[in-house]
Amino acid sequence: MERLAKVIAESGVASRRKAEDLIVNGKVKVNGVVIDKLGSKVSEKDIVEVLGKVLSKEEKVYFLLNKPRGVVTTTKDEKGRKTVTDFIDTDKRIYPIGRLDYDTTGVLLLTNDGDFANILMHPSSKIEKVYIAKIKGIITGKEINKIKSGIIIDGTKVIPLRIKSKKIDKKNNTSMVEIIIEEGKNHEVKRIFESVGLEVLKLKREKVAFFDVRDLKSGEYRKLTPKEVARVYGLAKK
Ligand code: URA
């Protein structure tokens, strides 16, 4: 017997946390009966339905995409814009792990493995994300120190693990700044810079944990190796 939320997450339809939300909101049926208790367990023989669809046991797949600009980080877009899953040739129902803005480029992982996604997204795993931001104007030491001392976002204080000015372009009045964060709040990097009055002109995610896209052109992707998948599982807080 396995926990219902785990079975749903492993089927690839949702992350573990999303699966728990679906259960408590009465969106999950086992053998035709709504089950809204989180601790419920099911066996191989039970028929699990999520939002009216019966779960199938899918093979797990894992991809790393170098996300281009002008692409939405969802599986479907009601405005018909290109989505990150359009780049990946698979018949599995994959979804992006976390979110990059429409105009943000760089490292994006996609999978149908809810547990894997959960490890990378859960705050307790403290996954480092490295961003390079092109900022309008010349960033000052005072602004950097203010960001270092912590910025309140969504009611919590965010302190970057590192922030460093990499290059100043006086002619074009821009700065390239590296910032490393652990959280994954919406528009977090842009909001950090905004809070000290700076505008982000371009944003690239260079790294998530040990993944980078140096060997991938914009829009290119590759499968993760079994070793990389195991390494991510090793990052989970037990
Ligand atoms: N922070 C942002 O502001 N945007 C992203 O796409 C990612 C992190």
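In this text, all values refer to a predicted model and were calculated from it rather than measured experimentally. (Residues numbered from 1 in each chain as written. Predicted model: local features only at pLDDT ≥ 70, side-chain atom pairs only at ≥ 80, totals over all residues. Heavy atoms only, no water.)

**Quick look at the overall build of the protein**
Looking only at helices and strands, the protein features 6 helices and 17 strands. Over its C-alpha atoms, taken along the principal directions, the protein stretches across nearly 65 × 40 × 35 Å. A fraction of 64% describes how many contacts in the protein between residues 6 or more apart in sequence connect residues 24 or more apart. For the protein, the computed accessible surface area is about 13,200 Å², with 49% contributed by carbon and sulfur atoms. Distance between charge centroids for the protein: 4 Å, based on 51 positive and 34 negative side chains. (Helix = DSSP H or I, 4+ residues; strand = E, 2+ residues; numbered from the N terminus. Contact = heavy atoms within 4.5 Å. Areas by Shrake-Rupley, 256 points an atom, 1.4 Å probe, with all protein chains shown as cover. Lys, Arg positive; Asp, Glu negative; His and termini not counted. Charge placed at Lys NZ, Arg CZ, Asp CG, Glu CD.)

**Focus: the domain arrangement of the protein**
When the parts of a complex come together, some accessible area is lost, and that lost area is often taken as the interface size. Looking at the assigned domains, one finds that the protein contains domain 1 (2-54), domain 2 (62-124 + 211-235) and domain 3 (128-208). Placing the centre of domain 1 and that of domain 3 at their C-alpha centroids yields a distance of 39 Å. (Domains from an automatic or database assignment.)

**Points about the packing of aromatic side chains**
According to the stated counting rule, one finds 4 aromatic pairs in the structure shown. Consider the rings of phenylalanine 116 and tyrosine 233, whose centres lie 6.1 Å apart with planes at 55°: the pair is tilted. You can see phenylalanine 116 sitting in helix 3 (residues 114-121) and its partner tyrosine 233 sitting in helix 6 (residues 226-234), a full 117 residues away along the chain. Considering the side-chain rings of phenylalanine 210 and phenylalanine 211, the 4.4 Å spacing of their centres and the 35° angle between planes classify their relative orientation as tilted. An aromatic cluster of at least three residues, connected via ring pairs, comprises Tyr62, Phe116 and Tyr233. Lying across the ring of phenylalanine 87, lysine 82 places its NZ or CZ 5.1 Å from the centre. Lying over the aromatic face of phenylalanine 210, arginine 231 brings its terminal NZ or CZ to 3.8 Å of the ring centre. (Phe/Tyr/Trp six-rings, centres within 6.5 Å; stacked < 30°, edge-to-face > 60°. Lys NZ or Arg CZ within 6 Å of the ring centre and 35° of its normal.)

**A closer look at the environment of lysine 170**
Turning to its location among the elements, lysine 170 is positioned in the loop between strand 13 (162-169) and strand 14 (174-181). Residue class for lysine 170 comes out exposed when judged on its relative accessible area of 71%. For the pair lysine 170 and glutamate 199, spaced 29 residues apart in the sequence, the C-alpha separation amounts to 16 Å. (Buried < 20%, exposed > 50% of the residue type's maximum accessible area, 1.4 Å probe, protein only.)

**Comments concerning the nonpolar core**
The biggest cluster of nonpolar side chains holds 30 residues, and the ones touching the most others in it are Ile147, Ile179, Ile192 and Phe193. Of all the secondary structure elements, the ones that give two or more residues to this core are strand 7 (62-67), strand 9 (104-111), strand 10 (129-136), helix 4 (141-148), strand 11 (151-153), strand 14, helix 5 (188-194) and strand 15 (200-208). Counting only domains with at least three residues in this core, you end up with domain 2 (62-124 + 211-235) and domain 3 (128-208). Beyond its immediate chain neighbours, meaning those up to four positions away, isoleucine 147 contacts Pro160, Ile163, Ile179, Ile192, Phe193 and Val196. (Core = buried A, V, L, I, M, F, W, Y, C linked by side-chain atoms within 4.5 Å.)

**Description of the packing of helix 3 against helix 6**
Running from amino to carboxyl end, helix 3 crosses helix 6 at an angle of 55°, the nearest separation of the two axes being 9 Å. On the basis of their axis angle, the class for helix 3 and helix 6 is oblique. Every pair of crossing elements has a handedness; the one defined by helix 3 and helix 6 is left-handed. Two secondary-structure elements touch here, helix 3 through Asp115, Phe116, Ile119 and Leu120 and helix 6 through Val229, Val232 and Tyr233. (Axes fitted to C-alpha atoms, helices over the stretch in contact; angles between N-to-C directions. Parallel < 35°, antiparallel > 145°, perpendicular 65-115°, else oblique. Left-handed = near helix turned anticlockwise from the far one by under 90°.)

**Let's talk about the pairing of strand 10**
The buried count for strand 10 comes to 6 of 8 residues, which makes it a mostly enclosed element. Pairing between strand 10 and strand 14: 8 bridges, direction antiparallel. Directly across from lysine 134, in strand 14, lies its bridge partner methionine 176. For strand 10 and strand 15, the ladder comprises 7 bridges, and the chain directions are antiparallel. (Pairing = 2+ DSSP bridges.)

**Quick look at the environment of arginine 93**
Considering the arrangement of structural elements, one finds arginine 93 in the loop between strand 7 and strand 8 (95-96). Each C-alpha atom, one on arginine 93 and one on lysine 67, is 18 Å from the other, the two residues being 26 residues apart in sequence. With near-sequence residues (within four places) excluded, arginine 93 lies in contact with Ser11, Gly12, Val13, Ser56, Glu58, Thr111 and Asn112.

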